[in-house]
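# Coordinates in review
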Amino acid sequence: MVDHTVGHLQQAAVRQLLDQTLTQTMERLGAHIGAIWLVEPDGEVLSPEVGSGVPPQWIKPVLRIRLTTAIPDPRVEAVRERRLVWIGSSEEYARRYPQTLLLIPYPHAVAFAPLVTEAAVWGVLLLAWPHGRPTELNRAEREAIGAAGDRLARLIEGAGEAGHRLLPSPEARYLPRIRRDPVGPAGASAAVGFVSRLPEGGCALTSDGRITFIDRTAADLVGESIPHL
């Protein structure tokens, strides 16, 4: 009898390491969006495993893709050619991959790195940056992305060699971003005081459009109370 419990525990441990590698790489490189796709066992389809920085419902229309597609797609290109695909600006993204713009809301600079070992290509790592960063990767960034891709590939390959190949989750998992700079009560009060002195209204939104802060001027402009908003 096969002990499936061992397999589930090992896959859970591998997923935890994948998640840690993804979030640590995003933090180290300053990426605001990250995701991992896995090649399904038939070798024909890329399916999402985990993402961070963008709510999963935003990218559901283009989550899975066949590796035989004729549509230009940076994920497929990274897998087929086993190389890093770098797109330095939103204009370049729109020009090269116009049919995959839904993949990343408001893309600026994006990297797609294949997860490769000598045996196979196991998936793709995506990292995206907001406006304001240089349009080229420097050497340290390329090395960091390559190291993250190598680590992810070895983790996935190791699980397969142990007889517990990591299959894509039925629903793509989402990792919330962890704030590393918590603001205390004094800092929050000072920030509110500063914003309240500005002539324009101000508010802050999460990546899925939820209001996390709004001042009186902005609340009055939309005709709602601050607690309700």
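It should be noted that the structure appears before, not after, this text.
Quick summary incoming for the structure in this document.

The rules behind each value
Position numbers for residues count from 1 along each chain, tracking the sequence in the order it is written. Only residues with pLDDT of at least 70 are given local features in this predicted model, and only at 80 or more are side-chain atom pairs given and counted; all residues enter the totals for whole chains, interfaces and linings. The basis for every side-chain value is the complete set of non-hydrogen atoms in the structure, without hydrogens or water. Every helix listed is a DSSP run of H or I at least four residues long, and every strand listed is a run of E at least two residues long, numbered separately from the N terminus. Any two residues whose heavy atoms approach within 4.5 Å at even a single point are treated as in contact. To be clear on the numbers: accessible area is Shrake-Rupley with a 1.4 Å probe, and residue cover counts the displayed protein chains and nothing else. N or O atoms within 3.5 Å of each other form a polar contact, as long as, within protein, one can give a hydrogen and the other can take it, and as long as residues adjacent in sequence are counted only when both atoms are side-chain atoms. The set of buried Ala, Val, Leu, Ile, Met, Phe, Trp, Tyr and Cys residues whose side-chain atoms join them within 4.5 Å is what this entry labels a nonpolar core. Under the scheme applied here, a residue whose accessible area is under 20% of the maximum for its type counts as buried, over 50% as exposed, and between as partly exposed, the area being computed with a 1.4 Å probe on protein chains only. Any two rings among Phe, Tyr and Trp, with Trp reduced to its six-membered ring, count as a pair given centres within 6.5 Å; such a pair is stacked if its planes are under 30 degrees apart, edge-to-face if over 60, and tilted if neither. Note on criteria: charge over ring means Lys NZ or Arg CZ within 6 Å of the ring centre, with the direction from the centre no more than 35 degrees off the ring normal. By the convention used here, strands pair only if DSSP detects at least 2 bridges between them. Only one rule defines a salt bridge in this text: a Lys or Arg side-chain nitrogen within 4 Å of an Asp or Glu carboxyl oxygen.

### Things to note about the overall build of the protein
- Within the protein one finds six helices and nine strands.
- A fraction of 56% describes how many contacts in the protein between residues 6 or more apart in sequence connect residues 24 or more apart.
- With the model as given, the accessible surface of the protein reaches about 12900 Å², and the carbon-plus-sulfur share is 57%.

### Some thoughts on the side chain of Glu49
- When you line up the elements, Glu49 lands in strand E2 (residues 45-52).
- In this structure the side chain of Glu49 is engaged in a polar contact, spanning 2.6 Å, whose partner is the side chain of Arg15.
- Once you skip the residues sitting within four places of it in the chain, Glu49 turns out to touch Arg15, Leu18, Ile36, Trp37, Leu38, Leu167, Pro168, Ser169, Ala172 and Arg173.

### Topic: the nonpolar core
- Counting residues in each nonpolar core, the largest one holds 30 residues, and the members touching the most others are Leu18, Ile36, Leu115, Leu125, Leu127, Trp129 and Ile145.
- When residues of this core are traced back to their parent elements, those giving at least two are helix H1 (4-29), strand E1 (33-39), strand E5 (109-116), strand E6 (121-129) and helix H4 (139-161).
- Top element by residues in this core is H4. It accounts for eight residues.
- Not counting residues within four places of it along the chain, the set of residues in contact with Ile145 comprises Leu29, Leu84, Ala111, Ala113, Leu125, Leu127, Trp129 and Leu137.
- In this structure, Val79, Val85, Ile87 and Val124 belong to the second largest nonpolar core, which totals 21 residues.

### Some remarks on the environment of Trp122
- Locating Trp122 in the fold gives a position in strand E6.
- The spatial distance from the C-alpha of Trp122 to the C-alpha of Trp37 is 8.5 Å, given a sequence separation of 85 residues.
- Beyond its immediate chain neighbours, meaning those up to four positions away, Trp122 contacts Trp37, Leu38, Val39, Leu115, Thr117, Ala153, Ile156, Glu157 and Arg165.
- At a separation of 3.0 Å, a polar atom in the side chain of Trp122 contacts the side chain of Thr117.

### Things to note about the packing of aromatic side chains
- For the coordinates displayed, the defined rule picks out two aromatic pairs.
- With centroids separated by 5.6 Å and ring planes inclined at 65 degrees, the aromatic side chains of Trp86 and Trp129 adopt a geometry described as edge-to-face. With Trp86 in strand E4 (residues 85-87) and Trp129 in strand E6, this residue pair connects regions lying 43 residues apart in the sequence. In this structure, Trp86 and Trp129 share a single accessibility class: buried.
- Measuring from centroid to centroid gives 5.9 Å for Tyr93 and Tyr97, while their planes differ by 65 degrees, and the two rings are edge-to-face. When sorted by exposure, Tyr93 lands in the same class as Tyr97, which is buried.
- In this structure, Arg133 packs its charged tip against the face of Trp129, placed 5.1 Å from the ring centre.

### Remarks on unusual backbone geometry
- At Arg82, a position not held by glycine, the phi torsion is positive, near 50 degrees.
- With respect to the helices and strands, Arg82 occurs in the loop between helix H2 (74-81) and E4.
- A relative accessible area of 45% means that Arg82 is categorised as partly exposed.

### Re the pairing of E2
- The element E2 is extensively covered by neighbouring structure, given that eight of its eight residues are classed as buried.
- Sheet topology note: the E1/E2 ladder contains six bridges and is antiparallel. Looking at E2, one finds that Ile36 is bridged to Val50.
- Counting the residues between successive antiparallel strands, the hairpin from E1 to E2 contains five residues, one of them, Gly43, with a positive phi of roughly 75 degrees.
- Sheet analysis places E2 next to strand E3 (residues 65-66), joined by two bridges and oriented antiparallel.

### Focus: the pattern of salt bridges
- Under the defined criterion, the tally for this structure stands at 13 salt bridges.
- A salt bridge links Arg83 to Glu77, with the nearest nitrogen and oxygen atoms 2.5 Å apart.
- The class for Glu77 is buried, based on a relative accessible area of 17%.
- Across the pair Arg83 and Glu81 runs a salt bridge, and its minimum N-O distance is 2.5 Å.
- Residue class for Arg83 comes out partly exposed when judged on its relative accessible area of 33%.

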